[in-house]
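Each chain is listed here by its residues.
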Amino acid sequence: MKLRQQENLRVLLFIVAYGTSFLTRMSSTEINEILSNYNVTIEDINKLAFILEDIMVLGTSHIEFITEEHKKVRAVYNEIIRNTGDLFKILEVDNNPVKSFALYVYLYRKGYLSCNHQFYYSQFSKDFSRLLGADVVTGRGVCRAISSMFTDICNQVGMKATTTPIRVIPKKFNNLIQLNPAELNYSGEDNLASKIIPYLPVGNHATSHVSYNGLKYDFDPTNDILLTEKNGKLYVSDSHDSFVKHDKVISFIPFLLGQINFDIKGILGIKDINMPTITHDEYARLYRETLETIRDNRYLFEEFYNDNKDKYYEVATIMNNQHSLMKRYMPVLPIK
């Protein structure tokens, strides 16, 4: 499929998804008046809905896999993920979600997983459909890319992980429990989407949901925090009232736009959301143990970067040449 056709299809899906939210608030008379202007009946709309459903299931999930560029990026990216998984096994963090999380945050923020040995939080990412983690390799990405790569690494080492679109409903952001010494660099770039999305009824952030050994973990690798569960809701931390929302509507639109992997749980919701999780004290203990491992093995990270840097450049070169790919922005700027 030509890139322009891909873009047009995504625009159509985007319009339908957003249009549906507005139509549900309108009366039957108002809807019929709009349809009559185009000589369209509600039966025609029903047919379109079935067509779009088939396109979503059979088309959107594979829409870019038929391009040679996507195939090449997928192959090299998978090799990078395998190599990263091997590094996690060498450092013996592959069987612990918290330790894997702490190591990943350090590696991506320090540029060990990116071209030119640097990573910037930037709204101007390439967003290859179903391959969002590859943006981290280019050195520029947002929360959906950061979480997607961590999800891919977790699955590679045998954990069950899903990238989760959420909506952060804030009161105020402060006193976050952030333990990693590596800071997230910001490019300072902004765009129109990042300004309007906070006012739309859609997901505005992406996290990683990990299940392992009967426990569940909701990680935010962009902001280096473990989300807290209280009374059946997920909160940003114990220190304030900001909570996150995950439901079918929030997941459905990112799924249509290629912003989460082809996993039906991305639409239906995480079934194990009510599983027990660890305490923040245990989380902090495991995290600090990993920081000691990081301090003792920095030479290994340089070797890892040098062994993989050619792959990073290959991915970045292919993706940066895809100027016509439509940007599918979901997240707002991360918590500062």
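Residues numbered from 1 in each chain as written. Predicted model: local features only at pLDDT ≥ 70, side-chain atom pairs only at ≥ 80, totals over all residues. Heavy atoms only, no water.

Attention now goes to the overall build of the protein. Check the secondary structure of the protein and you find 12 helices and 10 strands. Put simply, of all contacts in the protein between residues at least 6 apart along the chain, 76% involve residues at least 24 apart. A total of about 15800 Å² of accessible surface is found on the protein, and carbon and sulfur atoms cover 53% of it. (Helix = DSSP H or I, 4+ residues; strand = E, 2+ residues; numbered from the N terminus. Contact = heavy atoms within 4.5 Å. Areas by Shrake-Rupley, 256 points an atom, 1.4 Å probe, with all protein chains shown as cover.)

This part takes up the nonpolar core. Among the nonpolar cores identified, the biggest contains 61 residues, and Tyr104 and Met149 are the most heavily contacted of them. Of all the elements in the fold, those that place two or more residues in this core are helix H4 (68–90), helix H5 (97–109), helix H6 (134–138), helix H7 (143–156), strand E6 (215–220), helix H11 (280–296) and helix H12 (298–320). Setting aside its immediate chain neighbours within four residues, Met149 contacts Tyr77, Ile80, Ile81, Tyr104, Leu113, Gly133, Val136 and Val137. (Core = buried A, V, L, I, M, F, W, Y, C linked by side-chain atoms within 4.5 Å. Buried < 20%, exposed > 50% of the residue type's maximum accessible area, 1.4 Å probe, protein only.)

Taken as a whole, this structure holds 14 aromatic pairs when the rule is applied. A ring pair is formed by Phe101 and Phe219, whose centres lie 4.4 Å apart and whose planes are at 15°; its orientation type is stacked. Here the residue Phe101 occupies a position in helix H5, and Phe219 occupies one in strand E6, the gap between them amounting to 118 residues. Take Phe101 and Phe219: they sit in the same class, and that class is buried. (Phe/Tyr/Trp six-rings, centres within 6.5 Å; stacked < 30°, edge-to-face > 60°.)

Turning to the pattern of salt bridges, a few remarks are in order. Applying the stated criterion across every chain, the model contains 5 salt bridges. Residue Lys216 is joined to Asp218 by a salt bridge in which the shortest nitrogen-to-oxygen separation is 3.5 Å. Both residues of the pair, Lys216 and Asp218, belong to the buried class. (Salt bridge = Lys/Arg side-chain N within 4 Å of Asp/Glu carboxyl O.)

What follows covers the environment of Asn308. For Asn308, the position within the fold is in helix H12. Look at Asn308 and you get buried, because its relative accessible area is 2%. With 194 residues separating them along the chain, Asn308 and Ser114 place their C-alpha atoms 9.3 Å apart.

Our focus in this paragraph is the confidence of the model for the protein. For the protein, mean pLDDT is 76; residues scoring 70 or higher make up 58% of the total. Considering each helix and strand of the protein separately, the mean pLDDT is smallest for helix H10 (residues 265–268), with a value of 44, and largest for H5, with 98. Counting interchain partners and residues more than four positions distant, the pLDDT-below-50 stretch residues 324–336 has 66 contacts. (pLDDT = per-residue confidence, 0-100.)

It is the contact of H4 with H7, at a shortest axis distance of 9 Å, that shows an interaxial angle of 65°. The two elements H4 and H7 cross, and the hand of that crossing is right-handed. Across from Tyr77, Ile80, Ile81, Arg82, Thr84, Gly85 and Phe88 in H4, the residues of H7 making contact are Ser148, Met149, Asp152, Ile153 and Gln156. (Axes fitted to C-alpha atoms, helices over the stretch in contact; angles between N-to-C directions. Left-handed = near helix turned anticlockwise from the far one by under 90°.)

Moving on, we come to H4. The first and last C-alpha atoms of H4 sit 34 Å apart over 23 residues, in line with the 33 Å expected at 1.5 Å per residue. The set of residues buried in H4 consists of His70, Val73, Val76, Tyr77, Ile80, Ile81, Thr84, Gly85, Leu87 and Phe88. Among the structural elements, H5, H6, H7 and H12 are those in contact with the buried residues of H4. (Expected span 1.5 Å × (residues − 1).)

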